Amino acid sequence: MEETWIDQFKGLGRLPAEIRTELEAGSRIVSVPAGTQIFAPGQSADNLLLLLDGIVRVQQRSETGREVFLYRVHAGESCVLTTACMLAFEDYSADGIAETNVRAVAIPRLTFDDLVAKSPIFREFVFTAYSRRITDLFTLIDDIVFQRMDVRLASRLLELADRDNVVHATHAVLATELGTAREVISRTLSEFHRRGWIEQFRGEVHLAGRSGLERLVKSSGVHA
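Note that the structure is a prediction, hence the values are computed from the model and not measured.

Cut-off values and rules
Residues numbered from 1 in each chain as written. Predicted model: local features only at pLDDT ≥ 70, side-chain atom pairs only at ≥ 80, totals over all residues. Heavy atoms only, no water. Salt bridge = Lys/Arg side-chain N within 4 Å of Asp/Glu carboxyl O. Helix = DSSP H or I, 4+ residues; strand = E, 2+ residues; numbered from the N terminus. Buried < 20%, exposed > 50% of the residue type's maximum accessible area, 1.4 Å probe, protein only. Core = buried A, V, L, I, M, F, W, Y, C linked by side-chain atoms within 4.5 Å. Contact = heavy atoms within 4.5 Å. Pairing = 2+ DSSP bridges. Axes fitted to C-alpha atoms, helices over the stretch in contact; angles between N-to-C directions. UniProt positions renumbered as here; feature names shortened; annotations may be inferred.

Caption draft 1: Region of interest: the pattern of salt bridges. One pass over the structure, following the stated rule, counts 16 salt bridges. When the shortest N-O distance is used, the salt bridge between arginine 14 and glutamate 124 registers 3.3 Å. Here glutamate 124 lies in helix α4 (residues 120-146) and arginine 14 lies in the segment before α1 (17-25), a separation of 110 residues in the sequence. The class of arginine 14 is partly exposed, set by a relative accessible area of 48%. Note that glutamate 191 and arginine 195 form a salt bridge whose closest N and O atoms lie 2.9 Å from each other. The class for arginine 195 is partly exposed, based on a relative accessible area of 40%.

Caption draft 2: Region of the structure containing the nonpolar core. Residues Trp5, Leu12, Leu23, Leu50, Leu81 and Phe122 are the most contacted members of the largest nonpolar core, which totals 38 residues. The set of elements that each furnish at least two residues to this core consists of α1, β3 (47-53), β4 (55-61), β5 (67-74), α2 (80-88), β7 (102-108), α3 (109-118) and α4. Ignoring anything within four residues of it in the chain, the contact list for tryptophan 5 reads Leu12, Leu23, Glu24, Ser27, Ile29, Leu50, Leu52 and Val105. Formed by 22 residues, the second largest nonpolar core is a distinct cluster that contains Ala154, Leu157, Leu158 and Ile198.

Caption draft 3: Structural detail: the sheet that holds strand β6 (residues 95-98). A sheet is described by the order of its strands in space; here four strands give the open sequence β2-β6-β4-β5, paired in antiparallel fashion. Taken across any chain shown, the strands that pair with only one partner, and hence form the sheet edges, are β2 (37-39) and β5. Averaged over neighbouring strand pairs, the angle between their axes works out to 30° when direction is ignored. Bridging between β4 and β6 involves four bridges; their strand directions are antiparallel. The partner of arginine 57 across the bridge, within β6, is isoleucine 97. Most of the contacts of helix α6 (residues 171-178) go to β5, to which it runs at about 80°, and overall it touches β4 and β5.

Caption draft 4: Local environment of the UniProt feature "domain: HTH crp-type" (unreviewed entry) in the chain. With numbering matched to this structure, UniProt assigns "domain: HTH crp-type" (unreviewed entry) to residues 147-211. Annotated as residues 147-211, this span is 54% helix and 12% strand, and its ends, taken at the C-alpha atoms, are 20 Å apart.

Caption draft 5: Inspection of α6 at higher detail. Three or more residues of α6 are buried, namely Leu174, Ala175, Thr176, Glu177 and Leu178. Tucked inside the fold, the buried residues of α6 contact β4, β5, α5 (149-160), α7 (182-194) and β10 (204-206). Of the residues flanking the end of α6, it is glycine 179, one or two places downstream, whose phi is positive at about 65°.

Caption draft 6: Highlighting the pairing of β6. By the alternation rule, side chains of β6 split into Asp95 and Ile97 and Gly96 and Ala98, which are all buried. Judged from the two bridges that link them, β2 and β6 form a sheet pairing that is antiparallel. Considered in β6, the bridge of phenylalanine 39 is made with glycine 96.

Caption draft 7: Summary view of the sheet that holds β3. As summarised here, the arrangement of the three strands in space is β1-β7-β3, forming an open sheet in which the pairing is antiparallel. Unpaired on one side and paired on the other, β1 (28-32) and β3 mark the two borders of the sheet. Adjacent strand axes in the sheet meet at a mean angle of 35° when their direction is disregarded. Where β3 and β7 come together, six bridges link them in antiparallel fashion. Within β7, the position partnered with leucine 49 by the bridge is alanine 106. Sheet strands in contact with α3 are β3 and β7, and its direction is about 65° off that of β7.

Right, here's the structure in full:
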């Protein structure tokens, strides 16, 4: 059987030929540039998006206007919020932003509902991805409630750093990532700088002492 985009998603490769054909015929590949708002609160969820390339950031805005990062969707993954909204026929309650150029498969509701109803393999794929992301969200809640901010920030810096150990983010962006105030991030980064772990530049944080950040995270039992 000829490989298609379906084989990029763990679980879908086991679909029988007739279901694969129906899935391909009933979906389309879309591309959006970095910075595009893919969905917003109040919009209906009309397509399940499976990412082929790129990253989508999902975040929520509080009544006071503060943005709180929820999770990222990477290539080979689907969006749990979209899945939940499609299953429950609910509107979105958060924003989805393309952090990079994104290429994705859009599966319309009609195709989604049909395959969930009649294909055990497709249904298993949907609910396995859903349950995995729900577990991640509970971990996020646990981190916010119980984990020290210095540990959470160190872990996120290690996660966001590129190959040159540079994090391209302002204090405000990091505050959004961790659901806290910019001033808290600034104070914590100043302490990291004092310890020789980072150097700060406009819109960038350089991990000058990555091992120090790693020790901090490891001592708390958090996986970076």
